[in-house]
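# What the coordinates show
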Amino acid sequence: MKNLEYFFLFLALIAEIVGTIGGFGSSVFFVPLANFYFDFQSVLALTALFHFSSNLSKIALFRRGLNKNLLIYIGIPSIILVIIGGVLTKLFKTDLLEIALGAFLVILSLVLLLKSEWVLKPNKINALLGGSVSGFIAGLLGTGGAIRGLTMAAFNLEKSSFIATSAFIDFFVDSSRTIVYYLNGYMKKELFIYIPFLFVIGFIGTYIGRYLLKFISQDNFKRVSLGLILLIGLATLIKIIFTH
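Keep in mind it's a predicted model, so treat the numbers as computed, not measured. (Residues numbered from 1 in each chain as written. Predicted model: local features only at pLDDT ≥ 70, side-chain atom pairs only at ≥ 80, totals over all residues. Heavy atoms only, no water.)

### Some details on the overall build of the protein
Of regular secondary structure, the protein possesses 10 helices and zero strands. Taking 18 Å as the expected radius of gyration for a compact globule of 244 residues, we find that the protein reaches 16 Å, a close match to that expectation. Along the first, second and third principal axes, the C-alpha atoms of the protein reach 45 × 35 × 35 Å. Per-residue burial for the protein yields a buried fraction of 53% across its 244 residues. Long-range pairs, those at least 24 residues apart, make up 87% of the contacts in the protein with a sequence separation of at least 6. (Helix = DSSP H or I, 4+ residues; strand = E, 2+ residues; numbered from the N terminus. Rg over C-alpha atoms; globule rule 2.2 N^0.38 Å. Buried < 20%, exposed > 50% of the residue type's maximum accessible area, 1.4 Å probe, protein only. Contact = heavy atoms within 4.5 Å.)

### Here's the deal with the UniProt feature "transmembrane region" (unreviewed entry) in the protein
In the numbering adopted here, UniProt assigns the feature "transmembrane region" (unreviewed entry) to residues 7-31, 43-61, 70-90, 96-114, 126-147, 191-212 and 224-242. In the segment residues 43-61, helix accounts for 100% and strand for 0%; the C-alpha atoms at its two ends are 27 Å apart. Along residues 126-147 the backbone is 86% helical and 0% strand, and the end-to-end C-alpha distance reaches 11 Å. (UniProt positions renumbered as here; feature names shortened; annotations may be inferred.)

### Describing the nonpolar core
Looking at soluble globular proteins, one finds that nonpolar side chains tend to be buried together. Of all hydrophobic cores here, the largest spans 42 residues; its most connected members are Phe-8, Phe-30, Leu-46, Tyr-194 and Leu-198. Elements supplying a minimum of two residues to this core: helix H1 (6-22), helix H2 (27-34), helix H3 (40-62), helix H5 (94-114), helix H6 (124-141), helix H7 (145-153), helix H9 (195-212) and helix H10 (218-243). At eight residues, H3 tops the list of elements feeding residues into this core. Residues within four places of Phe-8 in sequence aside, it is in contact with Phe-30, Ala-34, Tyr-37, Phe-38, Leu-46 and Tyr-194. Membership of the second largest hydrophobic core comes to 15 residues, among which are Ile-59, Leu-71, Ala-167 and Val-173. (Core = buried A, V, L, I, M, F, W, Y, C linked by side-chain atoms within 4.5 Å.)

### Side note on the pattern of salt bridges
Per the counting criterion, the structure on display carries three salt bridges. We note a salt bridge from Asp-170 to Arg-148, for which the minimum N-O separation is 3.0 Å. In this pair, Asp-170 is assigned in helix H8 (residues 159-184) and Arg-148 in helix H7, connecting sequence segments 22 residues apart. Assessed through its relative accessible area of 4%, Arg-148 is described here as buried. Arg-177 is paired through a salt bridge with Asp-174; the nearest N and O atoms lie 2.8 Å apart. Highlighted residues: Arg-177 and Asp-174, both in helix H8, separated by three residues, approximately one helical turn. Grouping residues by exposure puts Arg-177 and Asp-174 together as buried. (Salt bridge = Lys/Arg side-chain N within 4 Å of Asp/Glu carboxyl O.)

### Brief notes about empty space enclosed by the protein
If a probe the size of a water molecule is rolled over the atoms, the empty space left behind becomes visible. Inspection of every chain in the model, using the stated rule, returns two cavities of 30 Å³ or more. If you add up the space inside the second largest cavity, you get close to 30 Å³. Around the second largest cavity, the lining residues are Ser-27, His-51, Ala-138, Gly-142, Thr-143, Gly-144, Gly-145, Arg-148, Asp-170, Asp-174 and Arg-177. Secondary-structure elements contributing two or more residues to the lining of the second largest cavity are H7 and H8. (1 Å grid on protein atoms, 1.4 Å probe; cavity = no way out; pocket = protein on both sides within 12 Å on 5 of 7 lines; lining within 4 Å. Points joined across faces, edges and corners; volume = space filled by probe spheres on them.)

### Side note on H8
Since the α-helix packs 3.6 residues into each turn, any two residues three or four apart lie on the same face. An ideal rise of 1.5 Å per residue puts 38 Å on 26 residues; H8 measures up with 36 Å between its terminal C-alpha atoms. Counting buried positions over the 26 residues of H8 gives 19, a clear majority of the element. Note on H8: the residue one or two positions beyond its end, Gly-185, has a positive phi of about 90 degrees. (Expected span 1.5 Å × (residues − 1).)

What follows is the structure, given as structure tokens:
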């Protein structure tokens, strides 16, 4: 137990709460934060396992809102492309992946902050493209939920339907990439001690986030979340500059 990073577990809880409220998913916060404590390959493995538990809790709490059409059009390409992205992580140096992660977070947050009124057209092509891109980035960099959220926002789903559909897609995506990361050798023994804690945190964080949704405007909170994503992305790039 003394080898546990307790503050990291606290940050994981915050990431789950904020990710649930903001609608971006916990990984967009969890991945860069975990990267300050572990090597990038370990972060990918922990993220897949952490998401697995948090998505189970979201499915249990919001399952009645599932949109089956979007599950197919966004989910299937996400599953296929997350496998490809996960396999490709073996071909790139972790330094390059960390730089790509930081740049992705900065660009994504700036685009969404500056173009808050911009939305995709709600059609099958955009659903397939959004699912493909989000799945590929999730496999390669550990987080693609924000792009999937942007894609799903085009369809103007009710809040519980949005969370339920995203959670079902994420569940299958994370199951797929967990297998890939395991075969890549990213599931190291020293990480196993965190698994039960992250499972509990996933459930607790989702429940707290769901409760707070009743009192917080999701639109206002999204802007705050995007500001946090921007700062985390910048911190990730600064860390890489000063440690390499």
